[in-house]
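# An overview of the molecular structure
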Amino acid sequence: MLSSAPPTMDPRHILRAARLGWGGAVMKTVTEEPTVDPRTRLGVLRREGKAIGMNNIELLSRESLKTWTDDWIPKIKQEAPKDFIFIASMMSGPEPEGWTALAETMSQTGADAIELNVSCPHGSPEKHMGAFIGQDPKLVEGVTKAAKKGTDLPILVKLTPNVTDIVPIAKAAERGGADALSAINTVESLIGIDIETATPLPIAYGKDRKEQFSTYGGFCGPAIKPLGLRFVSQIAKALPDIPISGIGGIENWTGATEYLMVGARTLQICTAVMWYGFSIIKDLTKGLSSFMKRKGYKSLDSVVGKALPKITTWTALTKLPPIVAHVIKDNCTGCKDCVIACADGGYVAIQMRDGAAVINEEKCDGCGLCYVVCRDNAIEFIHAR
Ligand SMILES: Cc1cc2nc3c(=O)[nH]c(=O)nc-3n(C[C@H](O)[C@H](O)[C@H](O)COP(=O)(O)O)c2cc1C
Ligand code: SF4
Ligand code: SF4
């Protein structure tokens, strides 16, 4: 599914995605008042020119609640394929009444479910909304209960990663009556500084429209996948019965499979669509289908949670067997990156011989640093001989 973000800002976008094969969409979050956003509002983290993460200081839907409920949602439900799932995303303040009223309104639109945004990390918390609510189990339970009061539709609660422990928050949502959880929203961040002008990024303007400022934003894209996998797996282990919609850095079928394997039952994507377009769904579904065929998985259900039993505590890990690095000679280009890394950050176990790296198994500690720095897939791990 498309997650709540610019690709779901209006029916034009959502219907185009539906026609291209997306299974559903969570609309851009609405609240009582439409948003006016700062310009610019997106920042990027690059590695050798390639974007690996993005941060945004954008808030909620710029369109009114009334347009969504009276025109846009009915239009989407009418024109999208019958099995396309439309999820209404909404946000209110810490008072329960707002959530009940919004849920009542959304119930009458034809939406298939409602996602409660208690997780936007920027702007909203300043108004005691978004992650301000999502960081407090009592508030999460309260607003979930309040929303349930206003609707019979299934409720998903979208959780914030900007907490020390997500499990008490997930449990609070479940106590409040959540039918499912979505995780994660963006990670609060400062994406960078323009060092020429000492200005934080992305550059926006203050109230005088002249002086440049920025603010903390929400980080997303491939760089946050490890966080998403952590949070989803922690929720899935603690609350095995509640369905989880996995979000965060999915850009291809392998990322999608990883989320399924740590317990997500549905998947949501934002950044990869913003960077590469709706058509990524073709490779995503094709890749996942052929993987399942190759591995003999008969259904998505059989993939869900497959890796969970293998996530254990550090204490439960044995320090044996004696694993060491080994160079796949045919792949080694002789770049020496691993030699430098192992000399200064590892156990001084690699030398160059005849233009290729060679591991000294006596010295190798199996730390994995050479594997991290090798760009040519030339390091594998073997049992020490
Ligand atoms: C520009 C932008 C706007 C977003 N707006 C919303 C929003 O209105 N409501 C919401 O729940 N999440 C919003 N998100 C968060 C995404 O839905 C998603 O949770 C997050 O980006 C992580 O997924 P990704 O790594 O696939 O982008 C927004 C993200 C971006 C980049
Ligand atoms: S980093 Fe990889 S390619 Fe470069 S020398 Fe080491 S093993 Fe060979
Ligand atoms: S696994 Fe660690 S110690 Fe062994 S060769 Fe690689 S970097 Fe060096």
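Residues numbered from 1 in each chain as written. Chains lettered and ligands numbered in written order. Predicted model: local features only at pLDDT ≥ 70, side-chain atom pairs only at ≥ 80, totals over all residues. Heavy atoms only, no water.

### Describing the site of ligand 3
The immediate surroundings of ligand 3 are formed by Ala325, Cys342, Tyr347, Ile350, Ile359, Cys364, Asp365, Gly366, Cys367, Gly368, Leu369 and Cys370. Split by residue class, the shell around ligand 3 holds nine nonpolar, two polar and one charged. (Near = heavy atom within 4 Å. Nonpolar A, V, L, I, M, F, W, Y, C, P; charged D, E, K, R; others polar.)

### Comments concerning the domain arrangement of the protein
The assigned domain composition of the protein is domain 1 (6–310) and domain 2 (323–383). Placing a centre on the C-alpha atoms of domain 1 and another on those of domain 2 gives a separation of 40 Å. (Domains from an automatic or database assignment.)

### A short note on the packing of aromatic side chains
Overall, the coordinates contain five aromatic pairs when judged by the stated rule. Summarising the aromatic geometry, the rings of Trp253 and Phe291 are spaced 5.4 Å apart at their centres and angled 35 degrees between planes, so their arrangement reads as tilted. Of this pair, Trp253 sits in helix α8 (residues 253–261) while Phe291 sits in helix α10 (residues 280–295), and the two are 38 residues apart along the sequence. Ring pairing ties together the aromatic residues Trp253, Phe291 and Tyr297, which thus form one cluster. Stacked on the ring of Phe231, the Lys or Arg Arg230 has its end atom at 4.3 Å from the ring centre. (Phe/Tyr/Trp six-rings, centres within 6.5 Å; stacked < 30°, edge-to-face > 60°. Helix = DSSP H or I, 4+ residues; strand = E, 2+ residues; numbered from the N terminus. Lys NZ or Arg CZ within 6 Å of the ring centre and 35° of its normal.)

### Quick notes on the layout of surface pockets
By rolling a water-sized probe across the atoms, one finds the places where empty space is left. As a volume, the largest pocket reaches approximately 850 Å³. Lining the largest pocket are 31 residues, and of these Val36, Pro38, Gly123, Glu126 and Lys207 lie nearest its centre. Grouping the constituent residues of the lining of the largest pocket by class yields 14 nonpolar, eight polar and nine charged. Roughly 400 Å³ of volume is contained in the second largest pocket. Taken together, 17 residues make up the lining of the second largest pocket; nearest its centre are Met1, Leu267, Thr285, Leu288 and Leu300. Residue assignment for the lining of the second largest pocket shows that the elements contributing at least two residues are α8, β15 (266–268) and α10. It is α10 that contributes the most residues to the lining of the second largest pocket, six residues altogether. Tallied by class, residues from the lining of the second largest pocket come to eleven nonpolar, five polar and one charged. (1 Å grid on protein atoms, 1.4 Å probe; cavity = no way out; pocket = protein on both sides within 12 Å on 5 of 7 lines; lining within 4 Å. Points joined across faces, edges and corners; volume = space filled by probe spheres on them.)

### Description of the nonpolar core
Counting 83 residues, the largest nonpolar core has Trp22, Met90, Val157 and Leu181 as its most contacted members. Sort the elements by how many residues they give to this core and α10 lands first, with six residues. If we ignore the near neighbours within four places in the chain, the residues touching Met90 are Thr29, Val30, Trp99, Leu102, Ala103, Met106, Ile114, Glu115, Leu116, Asn117 and Ala147. If you look at the next biggest cluster of nonpolar residues, it comprises 17 residues, including Cys338, Cys342, Cys364 and Ala378. (Core = buried A, V, L, I, M, F, W, Y, C linked by side-chain atoms within 4.5 Å. Buried < 20%, exposed > 50% of the residue type's maximum accessible area, 1.4 Å probe, protein only. Contact = heavy atoms within 4.5 Å.)

### Here's the deal with the packing of helix α5 (residues 137–149) against helix α6 (residues 167–175)
In a pair of packed helices, the angle between the axes and the distance between the axes together describe the arrangement. Put simply, α5 and α6 touch, their axes get as near as 7 Å, and they point 25 degrees apart. By the criterion of interaxial angle, the relationship of α5 to α6 is roughly parallel. When the axes of α5 and α6 are compared, the crossing they make is right-handed. Taken together, the residues of α6 that come into contact with α5 (itself represented by Pro137, Val140, Glu141, Thr144 and Lys145) are Pro168, Ile169, Ala172, Ala173 and Arg175. Looking at the contact of α5 with α6 residue by residue, the class counts come to six nonpolar, one polar and three charged. (Axes fitted to C-alpha atoms, helices over the stretch in contact; angles between N-to-C directions. Parallel < 35°, antiparallel > 145°, perpendicular 65-115°, else oblique. Left-handed = near helix turned anticlockwise from the far one by under 90°.)

### Considering the sheet that holds strand β2 (residues 42–47)
Working definition: the strands of a sheet are paired by backbone hydrogen bonds and lie parallel or antiparallel to each other. Read from one edge to the other, the open sheet built from four strands follows the order β2-β3-β13-β8, with strand pairing classed as antiparallel. Each edge of the open sheet is held by one strand with a lone partner, namely β2 and β8 (187–189). Across the sheet, the mean angle separating the axes of adjacent strands is 40 degrees when strand polarity is ignored. Sheet topology note: the β8/strand β13 (residues 217–220) ladder contains three bridges and is antiparallel. Bridge pairing in β13 links Glu188 to Gly218. (Pairing = 2+ DSSP bridges.)

### Some words on helix α2 (residues 65–79)
Count 3.6 residues to each turn of an α-helix, and residues three or four apart come out pointing the same way. With 15 residues, α2 extends 20 Å from end C-alpha to end C-alpha; this agrees with the ideal 21 Å at 1.5 Å per step. Among the residues of α2, those classed as buried are Leu65, Thr67, Trp68, Thr69, Trp72, Ile73 and Ile76. (Expected span 1.5 Å × (residues − 1).)

### Thoughts on the pairing of strand β18 (residues 356–359)
Pairing of strand β17 (residues 350–353) with β18, which is carried by four bridges, proceeds in the antiparallel orientation. Paired with Ile350 across the two strands is Ile359, which belongs to β18. Taking the residues between adjacent antiparallel strands as the criterion, β17 and β18 are bridged by two residues, where Asp354 takes a positive phi near 50 degrees.

### Description of the pattern of salt bridges
Tallied over the full model, the rule gives twelve salt bridges. A salt bridge links Lys75 to Glu79, with the shortest nitrogen-to-oxygen separation between them at 3.0 Å. With Lys75 and Glu79 both in helix α2 and four residues apart, this pair spans about one turn of that helix. Among the residues examined, Lys75 registers a relative accessible area of 35% and is labelled partly exposed. A relative accessible area of 44% means that Glu79 is categorised as partly exposed. In this structure, the salt-bridge partner of Asp112 is Lys77, at a minimum N-O distance of 2.8 Å. Here Asp112, found in the loop between α3 (96–107) and β5 (113–117), pairs with Lys77, found in helix α2; they are 35 residues apart in sequence, far enough to count as distant. Here Lys77 falls in the partly exposed class, since its relative accessible area comes to 22%. Taken together, the shared-partner salt bridges connect Lys28, Arg41 and Glu58 into one network. (Salt bridge = Lys/Arg side-chain N within 4 Å of Asp/Glu carboxyl O.)

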